[in-house]
Amino acid sequence: LPGRYTVIPGRSGAFSLARVPPEVVGSAIREVERQFAEADYDGFVHVPEWTERYCPFLGTLRQFLNSLPERFRITYIGSTMYTYPAVPNGTAPGSASTDGVRPP
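Residues take numbers from 1 onward in each chain, read along the sequence in its written order. This being a predicted model, a pLDDT of at least 70 is required before a residue's local features are given, and a value of 80 or more before pairs of side-chain atoms are given or counted; all residues contribute to the totals for chains, interfaces and linings. Heavy atoms from the whole structure form the basis of all side-chain values; hydrogens and water molecules are not counted.

Visitor: Please clarify how the overall build of the protein should be interpreted in this entry.
Guide: If you tally the helices and strands in the protein, you get four helices and four strands. Working rule for contacts: check all heavy atoms of both residues, and any pair within 4.5 Å makes them a contact. Taking the contacts inside the protein whose residues are at least 6 apart along the sequence as the reference set, 36% of them involve residues at least 24 apart. With residues, only the protein chains shown are counted as cover, and all accessible areas are computed by Shrake-Rupley using a 1.4 Å probe. Carbon and sulfur atoms make up 58% of the accessible area of the protein, which amounts to about 7000 Å² in all. Per the convention used, a helix needs a DSSP run of H or I reaching at least four residues, while a strand needs a run of E reaching at least two, with both numbered from the N terminus.

In structure tokens form, the structure reads like this:
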């Protein structure tokens, strides 16, 4: 079956699958990425009414962010989760430019 599916954990090891409409995924990504551009962004993603609007399709906000490592970089300090844009080509910040040439 083509498309994107989200596994939503349940109780006692059970789970369900939800077919995710592409427009729902796109909308959630845009809401998260808009926050990265805000001058006062502190690493904490907050999407108003996530539970009502997105959770039935995408799971919790944490599950959604963790499901897209190509878009979001998650860092934990203790039990606190910080989210930032993923680095292009999987390189670490300062380790190489996106064209593969190491900075001096």
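Visitor: Is there a simple way to explain a nonpolar patch on the surface in this structure?
Guide: What makes a patch is a set of residues exposed beyond 30% relative accessible area and free of salt bridges, joined within 9 Å when like-charged and within 5 Å when nonpolar (Val, Leu, Ile, Met, Phe, Trp, Tyr). Within this document, salt bridges are pairs made up of a side-chain nitrogen of Lys or Arg and a carboxyl oxygen of Asp or Glu, the two lying within 4 Å of each other. There is a patch of nonpolar side chains on the surface, built from Tyr5, Val7, Phe15 and Leu17 and spanning about 410 Å² of accessible area. Relative to the helices and strands, Val7 resides in strand β1 (residues 4-9).

Visitor: Help me understand the nonpolar core in this model?
Guide: The tendency in soluble globular proteins is for nonpolar side chains to be buried side by side. In this structure, Trp50, Leu58, Phe64, Leu65 and Phe72 are the most contacted members of the largest nonpolar core, which totals 20 residues. Put simply, the parts of the chain that give this core at least two residues each are α1 (22-36), α4 (61-66) and β3 (72-77). With six residues, α1 is the largest single contributor of residues to this core. Note on terminology: a nonpolar core comprises buried Ala, Val, Leu, Ile, Met, Phe, Trp, Tyr and Cys residues joined through side-chain atoms within 4.5 Å. Only protein chains enter the area calculation, which uses a 1.4 Å probe; residues under 20% of their type maximum are buried, those over 50% are exposed, and those in between are partly exposed.

Visitor: I keep staring at the pattern of salt bridges and nothing clicks. Help me out?
Guide: Note that side chains of opposite charge can pair when their charged atoms are close. In this structure the tally under the stated criterion is two salt bridges. In this structure, Arg71 and Glu33 form a salt bridge, with 3.0 Å as the shortest nitrogen-oxygen distance. A residue pair is termed long-range when its members are at least 10 positions apart, and Arg71 in the loop between α4 and β3 and Glu33 in helix α1 qualify at 38 residues. We classify Glu33 as partly exposed; its relative accessible area is 29%.

Visitor: It is not clear to me how the side chain of Thr83 should be interpreted in this structure. Could you clarify?
Guide: Within the element layout of this structure, Thr83 appears in strand β4 (residues 80-85). According to the relative accessible area criterion, Thr83 is buried, its value standing at 0%. When residues no more than four places from it in sequence are discounted, the contact partners of Thr83 are Phe36, Tyr41, Gly43, Val45, Leu65, Phe72, Arg73 and Ile74.

Visitor: For this particular structure, what's the right way to read the side chain of Gln35?
Guide: You can see Gln35 is positioned in helix α1. Any pair of nitrogen or oxygen atoms within 3.5 Å is treated as a polar contact; in protein, a donor-acceptor pairing is required on top of that, and neighbouring residues in sequence qualify only through side-chain atoms on both sides. Polar contacts involving the side chain of Gln35 include one to the main-chain carbonyl oxygen of His46, which spans 2.7 Å. The contact partners of Gln35, leaving out residues within four places of it in the chain, are Tyr41, Phe44, Val45, His46 and Val47.

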